[in-house]
Amino acid sequence: MPIIVNLDVVLAKRKMKSVELAKLVGITEQNLSILKTGKARAIRISTLEAICKYLECQPGDILEYKDHE
Amino acid sequence: MDNLSKIKKFSKNLHLFLSFLVVVIPLYYVSYWVFVNYLPESLINVNIHPTPLIPNELPIKLQIIGFFTSLLPLSALIYVITNIRKLFSFYREGMIFSFEHVSLFKKTAKALVLWVILSIIYESAKSVIFSAGNPPGSRLLKVGFSSAEITTLVVVGIVFIIAWVMDEGRILNEEKELTV
């Protein structure tokens, strides 16, 4: 998929653990893992909003478009 | 009680009932052929109208042939019931949409078609077996396609459509599960 999820990079920069973020955002660790591994088919605006709020970042920091060519 | 709990409870009961049928239906077929000479004539309708003949006892050889012929529709029917039972075991566990469900619906529909075909063969064989003791010229081969078979085929069509809808439900469910 040409959309790359850089959540683990942002988490490392903020020195925050996935468990902690999952609790703050209000989603399960399993769902956060789905997002981190790029398996997610869709992301809710509310989830993205909460992630950006707690990681103090922009949606573009988490999601990146990379063309395969 | 929420809807899923109701589905689980209802499915548990239906699963039990279907398990009971898996045992009882073969027993019925066995006892039918074992006690065929003692059954009321209304259950063996070949020798009744329009040419009533003196009922004759079935020799053991024909009883065995009859029983083995009955295994044809019986196996298809048991396969249908076990498929439906498996479906309800998934519902009992709270699994509503999965690829397995779709596959079970399709298998059930195909097995029902097979059941209709094998039932026609069985009924035809029964007509030969029951009229085998009649005098020459009064023996019958009855091949029938009645409203019961048509109804089953309509059900098959409905089950295929349900399988199709279930597949769409499965895709939606997967989308939901992979939405964060």
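Residues numbered from 1 in each chain as written. Chains lettered and ligands numbered in written order. Predicted model: local features only at pLDDT ≥ 70, side-chain atom pairs only at ≥ 80, totals over all residues.

**Q** Summarise the overall build of chain B; cite the residues concerned and give the values.
**A** A count of helical and extended segments in chain B gives four helices and zero strands. Reading chain B from its N terminus to its C terminus gives the helix and strand order α-α-α-α. By the compact-globule yardstick of 16 Å for 180 residues, chain B is too spread out, its C-alpha radius of gyration being 21 Å. Taken along its principal axes, the extent of the C-alpha atoms in chain B is 75 × 25 × 25 Å. Counting over 180 residues, chain B shows a buried share of 16%. (Helix = DSSP H or I, 4+ residues; strand = E, 2+ residues; numbered from the N terminus. Rg over C-alpha atoms; globule rule 2.2 N^0.38 Å. Buried ≥ 20, exposed ≤ 12 C-beta atoms within 10 Å, placed from the backbone.)

**Q** Got a sec to walk through the packing of helix H2 (residues 18–25) of chain A against helix H4 (residues 45–55) of chain A? Specific residues and values, please.
**A** Relative orientation and spacing of two packed helices are given, respectively, by the angle between their axes and the distance between those axes. All names here are of chain A. At a minimum axis separation of 9 Å, H2 and H4 run at an interaxial angle of 125°. With respect to each other, H2 and H4 are oriented oblique. Handedness of the H2/H4 crossing: right-handed. Contacts from Leu21, Leu24 and Val25 in H2 reach Thr47, Ala50, Ile51 and Tyr54 in H4. By residue class, the composition of the contact of H2 with H4 is six nonpolar, one polar and no charged. (Axes fitted to C-alpha atoms, helices over the stretch in contact; angles between N-to-C directions. Parallel < 35°, antiparallel > 145°, perpendicular 65-115°, else oblique. Left-handed = near helix turned anticlockwise from the far one by under 90°. Contact = placed C-beta atoms within 7 Å. Nonpolar A, V, L, I, M, F, W, Y, C, P; charged D, E, K, R; others polar.)

**Q** Lay out the interface of chain A and chain B in plain terms, naming residues and giving numbers.
**A** Between chain A and chain B, the contact holds eleven residues from the first and four residues from the second. Per element, the largest residue contribution to the side of chain A that touches chain B is three residues, and it comes from helix H3 (residues 29–36) of chain A. When its residues are assigned to classes, the side of chain A that touches chain B shows six nonpolar, two polar and three charged.

**Q** For the packing of H2(A) against H3(A), give the residues involved together with the corresponding values.
**A** Residues and elements named next belong to chain A. Look at H2 against H3: their axes get within 9 Å of each other, and the N-to-C directions meet at 110°. Of the possible angle classes, the one that applies to H2 and H3 is roughly perpendicular. Considering only the axes of H2 and H3, their crossing is right-handed. The segment H2 lies against H3, with Ser18, Val19, Leu21 and Ala22 engaging Glu29, Leu32 and Lys36. Taken together, the residues of the contact of H2 with H3 sort by class into four nonpolar, one polar and two charged.

**Q** Lay out the nonpolar core in plain terms, naming residues and giving numbers.
**A** One finds Ala76(B), Phe105(B), Leu112(B) and Trp115(B) to be the most contacted residues of the largest nonpolar core, which totals 17 residues. Considering every element that reaches this core, the biggest residue donor is helix H3 (residues 99–131) of chain B, with ten residues. Residues in contact with Ala76(B), not counting those within four places in the same chain, are Ala111(B), Leu114(B), Trp115(B) and Leu118(B). In this structure, Leu21(A), Ile34(A), Ile43(A) and Ile62(A) belong to the second largest nonpolar core, which totals twelve residues. (Core = buried A, V, L, I, M, F, W, Y, C linked by C-beta atoms within 7 Å.)

**Q** Can you lay out the confidence of the model for chain B for me, pointing to particular residues and giving the numbers?
**A** Residue and element names in this part refer to chain B. On average, residues of chain B carry a pLDDT of 87, and 91% of them reach 70 or more. Looking over chain B, one finds the lowest element-wise mean pLDDT in helix H4 (residues 147–177), namely 91, and the highest in helix H2 (residues 60–92), namely 93. Low pLDDT, under 50, characterises residues 48–52; the predicted model gives this stretch three contacts beyond four residues in sequence or across chains. At the level of chain-chain contacts, confidence expressed as ipTM amounts to 0.74, with global pTM at 0.74. (pLDDT = per-residue confidence, 0-100.)

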